Amino acid sequence: MNKAEETFLVILKDAVHPSKQPSELPSQDWSAIFNVAKKQNLFPLIYDAAMQYASFADFDSANPQYFTAATAAMTMQMKKTEQFIDLYRSFLSAGLAPIVMKGIICRNLYGERADFRPSGDEDILIDKKDYEKAVEVLTSCGYRSGEQPDKALKVVQEVTFYSPDRDEPLTVELHLNPFGADSTVRDKMNGWFDDAFRTNETVVIQNTSVRTMTPTDHLLFLIFHAFKHFTGGGFGVRMMLDILLFAEKYGGRIDWKYIDKALEDVGAGGFLADLMYIGNEYLDFQFIQSRVSISPQDLLDDMFRAGTFGNTTATDRTASRIVSGTIKSSSTSRNKHLSYLRLLFPSWKTWTSWKPYLSDKPWLLPVEWVKRIIRYLRGETSSSNLTEIDKSYELATDRLALLRKYGVVQGNTR
């Protein structure tokens, strides 16, 4: 960690576990701290918390653009929250009660600062039999999406709907499977939520009863979601913080033996233990840990590198595909040519996750191949520049070495 990242964690600690005597923060490079906060998609929260430090006052008065940006981000989130509650009420009026995951449920963990924790979208899980009715509700409320096939409903993770007619458009991800079905691990993850529509509960948000998972299932979903990103491009501090705050609030209602069994099943046995270690060490959480830590500092460094989802740059995104392809093929050999080929010629499952309509129209795959090769030859794909792909390969190699520590991949990744 660098100095800005260390201070970011101090401010975050004071934000989520405030005390009468906040941490002493002498003169700081606030611009660098806010750059970290923006990369982690926690800028409004960090800005609001920074106002309690005397050393921030002079910087704040000399740089009003940060106040403007934080206020705009919070206001946008408030509007999105209101839009989502309005949409959910429309679902209820139509006789549907989708299961809400992440997003607004996690924001509620932040109390009065709920809308200082931004959400890129809102995620809802529906029974496949309710898909058409759910689409009707979304369409009637002004939301639109691309072509969606019938067959892909069995395997597709989500269908994304946009509301382009709003000043602050809300994005809604309509999940048909919690984690998609493009790998054995994701199939295992989905299996742990087979009872999601039979064992759930409601919470009241803005005078509206919102259906969500039980605390045990929701915590497991949050951990699986982070682990899924961890085995690709990586994930950031915000995702970790959601998990820790959820575990802290609902700890007494969570079946920890069930959580442990599920994590072992997908190869994430030590993952949560290291997240809790980081929370205890840096953010003043008080979790009792039964597992020995694996590599929490390396995990934290990876979170700072990754940002929110590990996909900030083309180099990040290409490295993520290399990592994912290596894990899926169970190959850890250092073979650049094989990595290049995987990028240019992805698997059928990868294609159908990118282009769900191929599940219904597989004869159009050659068209997509030709289009991809043309883009490659024109230099329009992130994998066309071999210098950049070398950087991606080195990043992927480092990430595979970290994943090896957690047992996600086997063998020598160097």
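Just above, that's the structure.
Keep in mind the model is a prediction, meaning the values are calculated, not measured.

The rules we used
Residues numbered from 1 in each chain as written. Predicted model: local features only at pLDDT ≥ 70, side-chain atom pairs only at ≥ 80, totals over all residues. Heavy atoms only, no water. Helix = DSSP H or I, 4+ residues; strand = E, 2+ residues; numbered from the N terminus. Buried < 20%, exposed > 50% of the residue type's maximum accessible area, 1.4 Å probe, protein only. Contact = heavy atoms within 4.5 Å. Areas by Shrake-Rupley, 256 points an atom, 1.4 Å probe, with all protein chains shown as cover. Phe/Tyr/Trp six-rings, centres within 6.5 Å; stacked < 30°, edge-to-face > 60°. Axes fitted to C-alpha atoms, helices over the stretch in contact; angles between N-to-C directions. Parallel < 35°, antiparallel > 145°, perpendicular 65-115°, else oblique. Nonpolar A, V, L, I, M, F, W, Y, C, P; charged D, E, K, R; others polar. 1 Å grid on protein atoms, 1.4 Å probe; cavity = no way out; pocket = protein on both sides within 12 Å on 5 of 7 lines; lining within 4 Å. Points joined across faces, edges and corners; volume = space filled by probe spheres on them. Pairing = 2+ DSSP bridges. Salt bridge = Lys/Arg side-chain N within 4 Å of Asp/Glu carboxyl O.

**Examining the overall build of the protein**
The number of helices and strands found in the protein is 18 helices and 6 strands. Buried residues in the protein amount to 52% of all 414 residues. Restricting to contacts in the protein with at least 6 residues of sequence separation, those with at least 24 account for 68%. Here the protein displays about 18800 Å² of accessible surface, and carbon together with sulfur accounts for 52% of that area.

**Some words on the packing of aromatic side chains**
Within the structure shown, the criterion is met by 30 aromatic pairs. Ring geometry for F43 against Y66: centres 6.3 Å apart, planes inclined by 55°, an arrangement best described as tilted. With F43 in helix 3 (residues 43-50) and Y66 in helix 5 (residues 64-93), this pair connects stretches of sequence that are 23 residues apart. The pair F43 / Y66 is uniform in exposure class, with both members buried. Centre to centre, the rings of F227 and F230 are 6.2 Å apart; their planes meet at 45°, and the pair counts as tilted.

**A closer look at the packing of helix 12 (residues 271-283) against helix 13 (residues 296-306)**
The contact between helix 12 and helix 13 brings their axes to 9 Å, and the two run at 85°. Considering their axes alone, helix 12 and helix 13 lie roughly perpendicular with respect to each other. Side by side, helix 12 and helix 13 meet where F271, D274, L275, Y277, I278 and Y282 of the first sit next to P296, Q297, L299, L300 and M303 of the second. A class-by-class count of the residues in the contact of helix 12 with helix 13 yields 9 nonpolar, 1 polar and 1 charged.

**Remarks on helix 3**
Counting buried residues along helix 3, 8 of its 8 residues qualify, which places the element largely inside the surrounding structure. What helix 3 keeps buried is the set F43, P44, L45, I46, Y47, D48, A49 and A50. Buried residues belonging to helix 3 abut helix 1 (3-16), helix 2 (30-39), helix 4 (57-62) and helix 5.

**A closer look at the layout of surface pockets**
Taken as a whole, the second largest pocket spans an internal volume of roughly 270 Å³. Lining the second largest pocket are 13 residues, and of these W256, D260, L272, M276 and S290 lie nearest its centre. Going through the elements one at a time, helix 11 (256-265) and helix 12 are the ones with two or more residues in the lining of the second largest pocket. It is helix 11 that provides the largest number of residues to the lining of the second largest pocket, a total of 4 residues. For the lining of the second largest pocket, the per-class residue count stands at 8 nonpolar, 3 polar and 2 charged.

**As for the pairing of strand 4 (residues 171-175)**
Counted residue by residue, strand 4 has 5 buried out of 5 residues, so it is predominantly covered. The alternating pattern of strand 4 places T171, E173 and H175 on one face and V172 and L174 on the opposite face, and all of these are buried. With 4 bridges connecting them, strand 2 (residues 122-125) and strand 4 associate as parallel partners. Looking across to strand 4, one finds that E122 is bridged to V172.

**Points about unusual backbone geometry**
Even without a glycine there, the phi angle at N41 is positive, about 55°. Its place among the elements puts N41 in the loop between helix 2 and helix 3. Take N41: its relative accessible area is 25%, and that puts it in the partly exposed class. At K102, a residue that is not glycine, the phi angle is positive and equals roughly 55°. Relative to the elements of secondary structure, K102 occurs in the loop between strand 1 (99-101) and helix 6 (103-107).

**Examining the pattern of salt bridges**
Following the criterion strictly, the structure yields 15 salt bridges and no others. In this structure, D298 engages K405 in a salt bridge whose closest nitrogen and oxygen atoms are separated by 2.5 Å. Of the two residues, D298 sits in helix 13 while K405 sits in helix 18 (residues 386-405), which places them 107 residues apart along the sequence. For the salt bridge of R305 with D302, the shortest nitrogen-to-oxygen distance reads 3.3 Å. Here R305 pairs with D302, and both are found in helix 13, just 3 residues apart, close to one helical turn. Judged by relative accessible area, R305 falls into the partly exposed class, the value being 21%. The buried category is assigned to D302, whose relative accessible area is 8%.

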